[in-house]
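What follows is the residue order along each chain.
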Amino acid sequence: MLTDAVTTPGEQRIAQAFAQAPGRAALMPYLMGGFPDPATSLRIAQAYVDGGADLIELGMPFSDPIADGPVIQAAAGRALAAGTGVEDVFAIARAISPQVPVVLMTYANLVLARGADRFAADAAAAGASGLIVPDVPLEEAPALQAACAAAGIALVPLVAPTTTDERLARIGALAQGFLYTVSVTGTTGERAALSDEFAQIVGRAGGATSAPVALGFGIATPEQASAAADAGADGVIIGSRLVREAADAADPVAAVEELVRSFAGALR
Amino acid sequence: MSAKVTVQHRFGAYGGQYVPETLMPALLELEAAWIDAWADTEFRARLDALLRDYAGRPTALYLAERMSEIAGRPIWLKREDLLHTGAHKLNNALGQGLLAVRMGKRRIIAETGAGQHGVGTATACALLGLECVVYMGAEDMRRQLPNVQRMELLGAEVRAVEAGTRTLKEATSEAIRDWVTNVETTHYIIGSAIGPAPYPSIVRDLQRVIGDEAREQILAATGRLPARVVACVGGGSNAIGTFAAFVDDPGVRLLGVEAAGEGLDSGRHGAPLTVGGRPGVLHGALIALLQTDEGQVIEAHSVSAGLDYPGAGPEHAHLRDSGRATYTAVTDLDALRAVRDVARLEGIIPALETAHALHVVLREADTSDMDLVCLSGRGDKDLAEVMRRLPEC
């Protein structure tokens, strides 16, 4: 992990969180902002911090999330039905970001609706350190990159097992904060086992960037998180498993804290 | 036939490729394969032979005399309802099916609203020996049951989508998720002129046969071009295929007809081009879109499943902004009445989608002295819904 390329405060803070993570890899749990409602989701975010999160990926719900599997889709639908708006999610970022870096995740249309420049500036003002937009690939990224740079936050790109070497090199060179490495060819969601391709994509991603490599999509158990760290991932993102826990548990806040703690333990 | 192979990524500001990275290599592969295939005379000959001998092209251009009498001007109908499977959708499905074979992809997925694109795709897959999965909203499966049965008889698997309003938008999202998961073995045959580049260009070029034939036919029949070319617009494939042949004829007005549903003021409609507003990203492209101020997509509404979609394709949005085409919208009730009127005047039962365009030429005053309408599909699929709703009209 090289820090000499770091240029914005957002990148700086993310780099620090990866470098100082106590485990073998940084733990980045994903939270659907506003799910099941804005107030509870703020308590869930705090539970993530208390359970040992090194960074938090904060989802902003969109009506048509094409990169997400059924669990996160349903959570987005419920968050929207509960009246969650963009400002509600920024409020969660504002409350949590003093404790751990927050990386926002949302879809292109919410960013464009506000205007990329204003969205990035508002995200930065809310304390976010970075932005992930899964339906903005390399081809559509330049305007958003400029907006994030101006606002001082990192635009975190994604790579997938289908990404060719040539694209991987270009994306890896542009990566800010970290390189979001998708472990499977597919949408978000728990898998019984990590795919055969995950170790390969971790290795390929690491070879293509000086930014930390964080592995996400499909990591559902502490054992899988540990295997990701063994394969060389600098960070591990846990999404659907935690969102499902928040949906199903009688006491979602306590349940997710315990689950995050078990992931943190597996990475020690 | 146009020989120029162009894949436009942007139509003015619209279009682009707003998809997960997982799909980008497949879109690049598709674009290269399409440019190669469309320039290949053997590929074109194979498609033309299928369109002629299997699908029944060219379709007739028919002067609807009794409609003309009411309208006070000649109305020519381009009879895509006479195409095999009963709608223009087969033009695109056959072309993309052949392209999938050429790319070595043996599994096909599609989304469908009215079921005509699903039937077209299931038909092409049966013909070409390809596996076929069609995503369809559960509400659309109810109102277009005959098409569900046709797809299943043709060997396709129809997967019900229960999310949201259980219509075309959700079916399309689910098809994209399937593609993200199975992209290495699967080709996604998008049925409308929407989606990330290169799809809007591919679908337009495959549907352009409608306009090319119609232009030649009307010149042969009348010695002139129509004053106005009219087509219904959901995503916009029959309209863009028809318009494409006339877009360089400055004397020909182009009119797209969207679904006004329960009325534009009701908020329950499918008319993003007509109502205007900020463009938005849905299903991989920047398009005309019904959305909230924050960018959440608003559910569309139309009695016709094929127009029940909150967006319209990027090229239409650009044609509107440039002033080359205009767009208007027709309510559910007017469309239902047009189905009955055209059935009784001409002995043709049009699809509910098409009926939106037919209402405009039949009932709305205009200075046009000759109209050409794309009769994009036949209405057998709608019988249950039409008979249920007609007493309201």
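As the structure is a prediction and not an experimental result, all values here were calculated from the model.

What counts, and where the lines are drawn
Residues numbered from 1 in each chain as written. Chains lettered and ligands numbered in written order. Predicted model: local features only at pLDDT ≥ 70, side-chain atom pairs only at ≥ 80, totals over all residues. Heavy atoms only, no water. Helix = DSSP H or I, 4+ residues; strand = E, 2+ residues; numbered from the N terminus. Rg over C-alpha atoms; globule rule 2.2 N^0.38 Å. Buried < 20%, exposed > 50% of the residue type's maximum accessible area, 1.4 Å probe, protein only. Contact = heavy atoms within 4.5 Å. Areas by Shrake-Rupley, 256 points an atom, 1.4 Å probe, with all protein chains shown as cover. Lys, Arg positive; Asp, Glu negative; His and termini not counted. Charge placed at Lys NZ, Arg CZ, Asp CG, Glu CD. Domains from an automatic or database assignment. Buried area = accessible area lost by both parts, 1.4 Å probe. Salt bridge = Lys/Arg side-chain N within 4 Å of Asp/Glu carboxyl O. Polar contact = N/O pair within 3.5 Å; in protein donor to acceptor, adjacent residues only side chain to side chain. Phe/Tyr/Trp six-rings, centres within 6.5 Å; stacked < 30°, edge-to-face > 60°. Pairing = 2+ DSSP bridges. Axes fitted to C-alpha atoms, helices over the stretch in contact; angles between N-to-C directions. Core = buried A, V, L, I, M, F, W, Y, C linked by side-chain atoms within 4.5 Å. UniProt positions renumbered as here; feature names shortened; annotations may be inferred. Parallel < 35°, antiparallel > 145°, perpendicular 65-115°, else oblique. Left-handed = near helix turned anticlockwise from the far one by under 90°.

(A) The arrangement of the overall build of chain A in detail. Helix and strand content of chain A: 12 helices and nine strands. Against the compact-globule benchmark of 18 Å for 268 residues, chain A has a radius of gyration of 16 Å, which places it among compact chains. In terms of principal-axis extent, the alpha carbons of chain A reach across some 45 × 40 × 30 Å. Across the 268 residues in chain A, those meeting the buried criterion constitute 65%. Restricting to contacts in chain A with at least 6 residues of sequence separation, those with at least 24 account for 75%. For chain A, the exposed area adds up to about 8,900 Å²; of that, 53% sits on carbon and sulfur atoms. Distance between charge centroids for chain A: 3 Å, based on 15 positive and 28 negative side chains.

(B) The domain arrangement of chain B, seen in detail. All names here are of chain B. Once the domains are mapped, chain B shows domain 1 (18–52 + 88–195) and domain 2 (59–84 + 198–387). Each of domain 1 and domain 2 has a C-alpha centre, and the two are 22 Å apart. Counting from both sides, the interface comprises 44 residues of domain 1 and, opposite them, 42 residues of domain 2. When the two sides are added together, the surface that domain 1 and domain 2 hide from each other amounts to roughly 3,700 Å², 62% of it contributed by carbon and sulfur. On the domain 1 side of the contact with domain 2, His88, Arg143 and Lys169 bury the most area, a combined 20% of that side's loss. Counting every contact that joins domain 1 to domain 2 gives three salt bridges. Of the charged contacts, one joins Arg142 and Glu385 as a salt bridge, the two residues approaching to 3.9 Å between their closest N and O atoms. Here domain 1 and domain 2 share 18 residue pairs in polar contact (both at pLDDT 80 or more) between them. Counting residues per element, the side of domain 1 that touches domain 2 draws most heavily on helix H8 (residues 168–182), which supplies seven residues.

(C) Layout of the packing of aromatic side chains. Residue and element names in this part refer to chain A. This model, assessed by the stated rule, comprises nine aromatic pairs over all chains. Here Phe18 and Phe178 contribute two aromatic rings whose centre-to-centre distance is 5.6 Å and whose plane-to-plane angle is 45°, an arrangement assigned as tilted. Here Phe18, found in helix H1 (residues 9–20), pairs with Phe178, found in the loop between helix H8 (165–174) and strand E7 (179–182); they are 160 residues apart in sequence, far enough to count as distant. Of the two residues, Phe18 and Phe178, neither departs from the other in class, the shared state being buried. Aromatic pair Tyr180 and Phe217: ring centres 5.9 Å apart, planes at 85°, arrangement edge-to-face. A residue pair is termed long-range when its members are at least 10 positions apart, and Tyr180 in strand E7 and Phe217 in the loop between strand E8 (213–216) and helix H10 (222–230) qualify at 37 residues.

(D) Spatial organisation of the sheet that holds strand E3 (residues 61–63) of chain B. Residue and element names in this part refer to chain B. Spatial ordering of the open sheet is given by E3-E4-E15-E9-E10-E14, a layout of six strands whose pairing is mixed. Edge positions in the sheet fall to E3 and strand E14 (325–331), since each has one partner strand and no second. Averaged over all pairs of adjacent strands, the angle between strand axes in this sheet comes to 25°, irrespective of strand direction. By the bridge criterion, three bridges tie E3 to strand E4 (residues 75–79) in an arrangement that is antiparallel. Within the sheet, the bridge partner assigned to Tyr62 lies in E4 and is Leu77. Along the sheet, helix H14 (residues 352–363) contacts E4, strand E9 (228–232), strand E10 (253–261), E14 and strand E15 (371–375); its crossing angle with E9, the most-contacted strand, is approximately 145°.

(E) Quick look at the nonpolar core. Residues Leu104 and Phe178 of chain A are the most contacted members of the largest nonpolar core, which totals 186 residues. The leading source of residues in this core is helix H1 (residues 24–38) of chain B, at eight residues. Of the residues that make up this core, three or more belong to each of domain 1 (18–52 + 88–195) and domain 2 (59–84 + 198–387) of chain B. Contacts of Leu104 of chain A, omitting those with residues within four sequence positions, involve Leu58, Met60, Val89, Phe90, Phe119, Ala123, Ala128, Gly130, Leu131 and Ile132 of chain A. Counting residues in hydrophobic clusters, the runner-up holds 31 residues, among them Ala259, Ala338, Ala357 and Leu375 of chain B.

(F) Local environment of the pairing of strand E3 (residues 102–105) of chain A. Residues and elements named next belong to chain A. Residues Val102 and Leu104 of E3 are buried on one face, and the alternating residues Val103 and Met105, pointing to the opposite face, are buried as well. Across four bridges, strand E2 (residues 56–59) lies against E3 in parallel orientation. By the bridge assignment for E3, Gly59 is matched with Met105. Of the pairings in the sheet, the one linking E3 to strand E4 (residues 128–132) comprises four bridges and is parallel in character. Bridging across to E4, Leu104 finds its partner in Leu131.

(G) Expanded view of the UniProt feature "domain: Tryptophan synthase beta chain-like PALP" (unreviewed entry) in chain B. In the numbering used here, UniProt assigns the "domain: Tryptophan synthase beta chain-like PALP" (unreviewed entry) feature to residues 55–369 of chain B. Taken end to end, residues 55–369 of chain B is 43% helix and 19% strand, and its first and last C-alpha atoms sit 32 Å apart.

(H) Just the environment of Arg170 of chain A, in detail. Residue and element names in this part refer to chain A. Among the secondary structure elements, Arg170 is positioned in helix H8. Along the backbone, Arg170 and Leu138 are 32 residues apart, and their C-alpha atoms lie at a distance of 8.4 Å. A distance of 2.9 Å separates polar atoms of two side chains, one belonging to Arg170 and the other to Glu166.

(I) Highlighting the sheet that holds strand E9 (residues 235–238) of chain A. Residues and elements named next belong to chain A. Strand order in the open sheet formed by nine strands is E5-E4-E3-E2-E1-E9-E8-E7-E6, and the pairing between neighbours is parallel. Of all strands in the sheet, those with a lone pairing partner are strand E5 (154–155) and strand E6 (158–159), marking the two edges. When E8 meets E9, the two strands line up parallel, connected through two bridges. What sits directly across from Ala214, in E9, is Gly235. Sheet strands touched by H1: strand E1 (26–32), E3, E4, E5, E8 and E9. Its angle to E4, the strand with the most contacts, is close to 90°.

(J) Representation of the packing of helix H2 (residues 38–51) of chain A against helix H4 (residues 86–96) of chain A in the model. Residues and elements named next belong to chain A. Where H2 meets H4, the closest approach of the two axes is 10 Å, and the angle between their N-to-C directions is 30°. Relative to H4, the element H2 is oriented roughly parallel. In this structure, the crossing between H2 and H4 has a hand that is right-handed. From H2, Pro38, Ser41, Leu42, Ala45, Gln46 and Val49 reach across to H4, where they touch Asp88, Ile92, Ala95 and Ile96.

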